[in-house]
Amino acid sequence: MTGRKFDSEKEQYTLIPPFALREIARNLTFGARKYEPENWKKVPNAKKRYLDALFRHVEAYRLGEVNDPENGLHHLAAAAVNLMFVMEFELAGIPEVKDEATKLEIKGIIEAHSMFGDYVSDSK
């Protein structure tokens, strides 16, 4: 007798290309070390700024620069990370920081919704 698992309608995370995912993880790790983990949620006017960054990385790639000279990481991985940030703001309903006055309020919301809440700090 063989086992059964009723998961044909569930997400198939194994469809995510592993090499691209590794480059995205490298990019996120670089950013976490440079700033701090989860810092991207606290950037003022984040969606606009991440969209701008996304297009800068895509255009650098289109102009023939494969890797970012700042860190040696693939420009398209950086573009994907920026796109993921914008999507996460939308899908998770993360409020944007508009100015420093709302930063503490946003920090509390981030901590409440983040599996990595222990890493959120006021240091940056």
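Here goes a summary of the coordinates provided. Given the structure is predicted, the values throughout are model-derived calculations rather than measurements. (Residues numbered from 1 in each chain as written. Predicted model: local features only at pLDDT ≥ 70, side-chain atom pairs only at ≥ 80, totals over all residues. Heavy atoms only, no water.)

What follows covers the packing of aromatic side chains. Under the criterion given, the structure shown has 3 aromatic pairs. Here the aromatic rings of W40 and F85 are separated by 4.4 Å at their centres, their planes lie at 5 degrees, and the arrangement is stacked. With a gap of 45 residues between them, W40 in the loop between α1 (18-34) and α2 (46-62) and F85 in helix α3 (residues 75-92) connect regions that are remote in the sequence. The exposure classification of W40 matches that of F85, with both residues buried. With centroids separated by 5.0 Å and ring planes inclined at 65 degrees, the aromatic side chains of Y50 and F85 adopt a geometry described as edge-to-face. Pair noted here: Y50 is in helix α2 and F85 is in helix α3, with a separation of 35 residues, a long-range link. Pair check on accessibility: Y50 and F85 agree, each one buried. A network of ring pairs unites the aromatic residues W40, Y50, F85 and F89 as a single cluster. (Phe/Tyr/Trp six-rings, centres within 6.5 Å; stacked < 30°, edge-to-face > 60°. Helix = DSSP H or I, 4+ residues; strand = E, 2+ residues; numbered from the N terminus. Buried < 20%, exposed > 50% of the residue type's maximum accessible area, 1.4 Å probe, protein only.)

A word on the packing of α1 against α3. At a minimum axis separation of 9 Å, α1 and α3 run at an interaxial angle of 75 degrees. Viewed along their axes, α1 and α3 adopt a mutual orientation that is roughly perpendicular. On the side of α1, the interface is formed by E23, I24, N27 and L28, while α3 contributes A77, A78, A80, V81, M84 and F85. Across the contact of α1 with α3, the residue classes break down as 8 nonpolar, 1 polar and 1 charged. (Axes fitted to C-alpha atoms, helices over the stretch in contact; angles between N-to-C directions. Parallel < 35°, antiparallel > 145°, perpendicular 65-115°, else oblique. Contact = heavy atoms within 4.5 Å. Nonpolar A, V, L, I, M, F, W, Y, C, P; charged D, E, K, R; others polar.)

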